[in-house]
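# Structure at a glance
In case you want the letters, here they are:
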Amino acid sequence: QVQLVESGGGLVQTGGSLRLSCTVSGHIGGITTMGWYRQAPGKQREIVAAITRTGTTNYADSVKARFTISRDNAKNMVILQMNSLKPEDTAVYFCNADYYRQFSAEPLTSWGQGTQVTVSS
């Protein structure tokens, strides 16, 4: 089974920083795109940032210049460095990975359980 586990969420004041980590475990042939999504109460889940295996990144306009996504392919890990946090960043953050199993060309996707990020005024 493939499992995604996030860590690093917590409570921080406005202007502070948090570093979210997500590690993918299981029998995987390779991971293509990894990303972070978030969902605030009463709002739809939205993409925050994504990164391909080769390092191409994409950010939501609301977080660009403040957040940085990176990955460690050897560890099957994706990182979201969150700086200059604002109260509107408060949400549950979910890790996502698109991958394929060994000897398979079938694209698959998996989600983490989510980690709470709360930014206080």
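Look up: the structure comes first, before these words.
None of the values given here were measured: they were computed from a predicted structure. (Residues numbered from 1 in each chain as written. Predicted model: local features only at pLDDT ≥ 70, side-chain atom pairs only at ≥ 80, totals over all residues. Heavy atoms only, no water.)

### Comments concerning the overall build of the chain
Put simply, the test is: Numbering of helices and strands runs from the N terminus; a helix is a DSSP stretch of H or I covering at least four residues, while a strand is a stretch of E covering at least two. Values of the radius of gyration come from C-alpha atoms, whereas the globule rule sets the reference at 2.2 Å times the count of residues to the power 0.38. The buried label goes to any residue with under 20% of its type's maximum accessible area, the exposed label to any with over 50%, and the partly exposed label to all in between, with areas taken from a 1.4 Å probe on protein chains only.
Looking only at helices and strands, the chain features zero helices and 11 strands. Seen in sequence order, the chain has helices and strands lined up from the N terminus as β-β-β-β-β-β-β-β-β-β-β. Its C-alpha atoms give the chain a radius of gyration of 14 Å, near enough to 14 Å, the size a compact globule of 121 residues would have. The dimensions of the chain, computed from C-alpha atoms along their principal axes, are 50 × 25 × 25 Å. A burial count over the chain gives 40% of its 121 residues as buried.

### Considering the packing of aromatic side chains
Any pair of aromatic rings gets described here by the distance separating the centres and the angle formed by the planes. Quick reminder of the rule: Between rings of Phe, Tyr and Trp, where Trp is taken as its six-membered ring, a pair exists when centres lie within 6.5 Å; planes separated by under 30 degrees are stacked, by over 60 edge-to-face, and by other angles tilted. In this scheme, Lys NZ or Arg CZ marks a charge over a ring once it lies within 6 Å of the ring centre and within 35 degrees of the ring normal.
This structure, assessed with the given rule, holds one aromatic pair. The ring centre of Phe94 lies 3.8 Å from the NZ or CZ of Arg45, which sits over that ring. In this structure, Arg45 packs its charged tip against the face of Trp111, placed 5.0 Å from the ring centre.

### Brief notes about the pairing of strand E3 (residues 18–25)
What counts, and what does not: Pairs of strands are assigned from DSSP output, requiring at least two bridges between the strands.
Where strand E1 (residues 3–7) meets E3, five bridges bridge the pair, whose relative direction is antiparallel. Residue pairing across strands places Glu6 opposite Cys22, the latter belonging to E3. The pairing of E3 with strand E8 (residues 77–82) spans six bridges and is classified as antiparallel. Following the sheet pairing, Cys22 is matched in E8 by Val78.

### Regarding the side chain of Arg71
Quick note on the threshold: Lys and Arg are tallied as positive, Asp and Glu as negative. Neither His nor the chain termini are counted. Whenever Lys or Arg places a side-chain nitrogen within 4 Å of a carboxyl oxygen from Asp or Glu, that contact is recorded as a salt bridge. Every residue pair with non-hydrogen atoms within 4.5 Å of one another is taken to be in contact.
Position of Arg71 relative to the elements: it lies in strand E7 (residues 67–72). Of the side chains with opposite charge, Asp72 lies nearest to the buried Arg71, which makes no salt bridge, at 8.2 Å. Apart from the residues within four sequence positions on either side, Arg71 is in contact with Ile31, Thr32, Thr33, Met34, Ile51, Thr52, Arg53, Met77 and Val78.

### Let's talk about the environment of Gln3
Note that Gln3 resides in strand E1. Owing to a relative accessible area of 47%, Gln3 belongs among the partly exposed residues under this scheme. A sequence separation of 24 residues divides Gln3 from His27, and the C-alpha atoms of the two residues are 9.7 Å apart. The residues touching Gln3, leaving out its near neighbours within four places in the chain, are Thr23, Val24 and Ser25.

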